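Residues per chain, in single letters:
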Amino acid sequence: MSKQIIRSITLSMLVLFSVSGMLMAAPTVKFFGYQWLRYTWYQEGAEQDSVSDKNGFNIPRTYIRTSVKDDDVGYDARLTLDINNVAGAQTGADWSIWVKYGYVDLYKLIPIPEMTLRVGLQNMYFGTVDPWGYPIATSAAFGDRHKIAPASAEQGVALVGLIPGGWGEYQLALYNGAGYKKLEDNTEKMGVASLLVVPFPSISVRGSYLRTNTNAFGQPAKEYSASAVVLNFNSGPISSFVEYNVRTMAKDASAVKSGVTEGISSFLGVEIIEGLSVNLRYDMLNPDTMAARDEKNYYMGSIGYKFDKNLDIQIAYELEQYKFPSGNPNENKNTLLVQTKYAW
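What comes next is a walk through the structure. The model shown is predicted, which means the values in this text are computed figures rather than measured ones.

Observations concerning the pattern of salt bridges
Here is step 1 of the chain: Per the stated rule, a full pass over the model turns up twelve salt bridges.
Here is step 2 of the chain: Linking Asp 105 and Arg 118 is a salt bridge whose minimum nitrogen-to-oxygen distance equals 2.5 Å. With Asp 105 in strand E4 (residues 93–106) and Arg 118 in strand E5 (residues 115–123), this residue pair connects regions lying 13 residues apart in the sequence. Here the two residues Asp 105 and Arg 118 agree in accessibility, since each one is buried.
Here is step 3 of the chain: Between Glu 318 and Arg 145 there is a salt bridge, with the nearest N and O atoms lying 2.7 Å from each other. With a gap of 173 residues between them, Glu 318 in strand E15 (residues 311–322) and Arg 145 in helix H2 (residues 142–145) connect regions that are remote in the sequence.
Here is step 4 of the chain: For Arg 145, a relative accessible area of 27% corresponds to the partly exposed category.

Structure follows, in structure tokens:
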């Protein structure tokens, strides 16, 4: 074989490999995130003191995110690092870091339209826990704040999908059950199911249920269950919901306690003009339905302005109080914060 023929074959192969490489799309890699820059003033009772009351600046959340997506193979992988700045975040320091989300979506593996298999550390699909976007920055969603659900994220596997025709969405998940900050060898796991139905364009209803016997194989007294029902109304400048939560823990039941916690959360947000919004929320928590006069009320409100998609500022206030005061002057808890959020 002559050198000329060898050169031609080699050149042709190089061209073929180059063209093939261009035709085969490389995975899309993105790097993004956001920070909360916050000043918080906290006071118990009518007078400020140096024992229980605090105020100061901090950065309670820094999310550093990456995503890798390959449409040819059919996967979308996400990683979110959460850098936290709160008192006692870890031993000897007020800073801590952990993986908040780390999962891969396999959206071509299951031959069912609009269904994805999600594997890894992911959202807790329960009530308003996963859709809550902190329009009022003083509080997490009701189910997360009051531990109706064990955490806002969990390690496990889930089927997530859309109902054809725009009628809603669903999630079926199997989790460890210990929350995203812990590893657990849990024999029985925790199961979660959520279904959101959209009967009308502005109205949706979501029902969620979880059950776990966390790390307690064969011990029914250790199991617990929880459910949530959410009615959403969103139209034009208005966004709102009403949510009911209940949790039953067998281990907390006794002659004087039911082991049942329940509560209601309601929210109303209105965009006054483009970028400027006012938000209100009211929570009622009944820690135990048998214990008398232990209910709490939470009143929250915020005003926020969004400069663009990457920058907004929010002023928020919260009052926490017992429904039936005992007379203790420090029972009422007041939180006022000013927060700037910027993204990249």
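Some remarks on the pairing of strand E13 (residues 276–286)
Here is step 1 of the chain: Note that strand E12 (residues 260–273) and E13 share eleven bridges and pair antiparallel. By the bridge assignment for E13, Glu 271 is matched with Ser 277.
Here is step 2 of the chain: Connecting the antiparallel pair E12 and E13 is a turn made up of two residues, with Gly 275 showing a positive phi of about 95°.
Here is step 3 of the chain: In terms of strand pairing, E13 meets strand E14 (residues 296–308) through ten bridges, oriented antiparallel. In the strand pairing of E14, Leu 276 is matched with Tyr 305.

Quick word on the side chain of Asp 76
Here is step 1 of the chain: Relative to the elements of secondary structure, Asp 76 occurs in strand E3 (residues 75–90).
Here is step 2 of the chain: Polar contacts involving the side chain of Asp 76 include one to the side chain of Arg 78, which spans 3.1 Å.
Here is step 3 of the chain: Ignoring anything within four residues of it in the chain, the contact list for Asp 76 reads Ser 67, Val 68, Lys 69, Tyr 103, Val 104, Asp 105 and Tyr 107.

Here's the deal with the nonpolar core
Here is step 1 of the chain: Ranked by size, the top nonpolar core spans 42 residues in total, and within it Met 124, Phe 126, Trp 132, Tyr 175, Met 190, Val 192 and Leu 210 carry the most contacts.
Here is step 2 of the chain: When residues of this core are traced back to their parent elements, those giving at least two are strand E1 (28–44), E4, strand E6 (153–163), strand E7 (168–175), strand E8 (190–200), strand E10 (224–235), strand E11 (238–249) and E14.
Here is step 3 of the chain: Counting residues per element, this core draws most heavily on E10, at four residues.
Here is step 4 of the chain: Trp 132 has contacts with Ser 139, Ala 140, Ala 141, Phe 241, Phe 267 and Arg 281, leaving out every residue within four places of it along the chain.

The rules behind these values
- Residues numbered from 1 in each chain as written.
- Predicted model: local features only at pLDDT ≥ 70, side-chain atom pairs only at ≥ 80, totals over all residues.
- Heavy atoms only, no water.
- Salt bridge = Lys/Arg side-chain N within 4 Å of Asp/Glu carboxyl O.
- Helix = DSSP H or I, 4+ residues; strand = E, 2+ residues; numbered from the N terminus.
- Buried < 20%, exposed > 50% of the residue type's maximum accessible area, 1.4 Å probe, protein only.
- Pairing = 2+ DSSP bridges.
- Polar contact = N/O pair within 3.5 Å; in protein donor to acceptor, adjacent residues only side chain to side chain.
- Contact = heavy atoms within 4.5 Å.
- Core = buried A, V, L, I, M, F, W, Y, C linked by side-chain atoms within 4.5 Å.

Coordinates in, geometry out; function isn't part of it.
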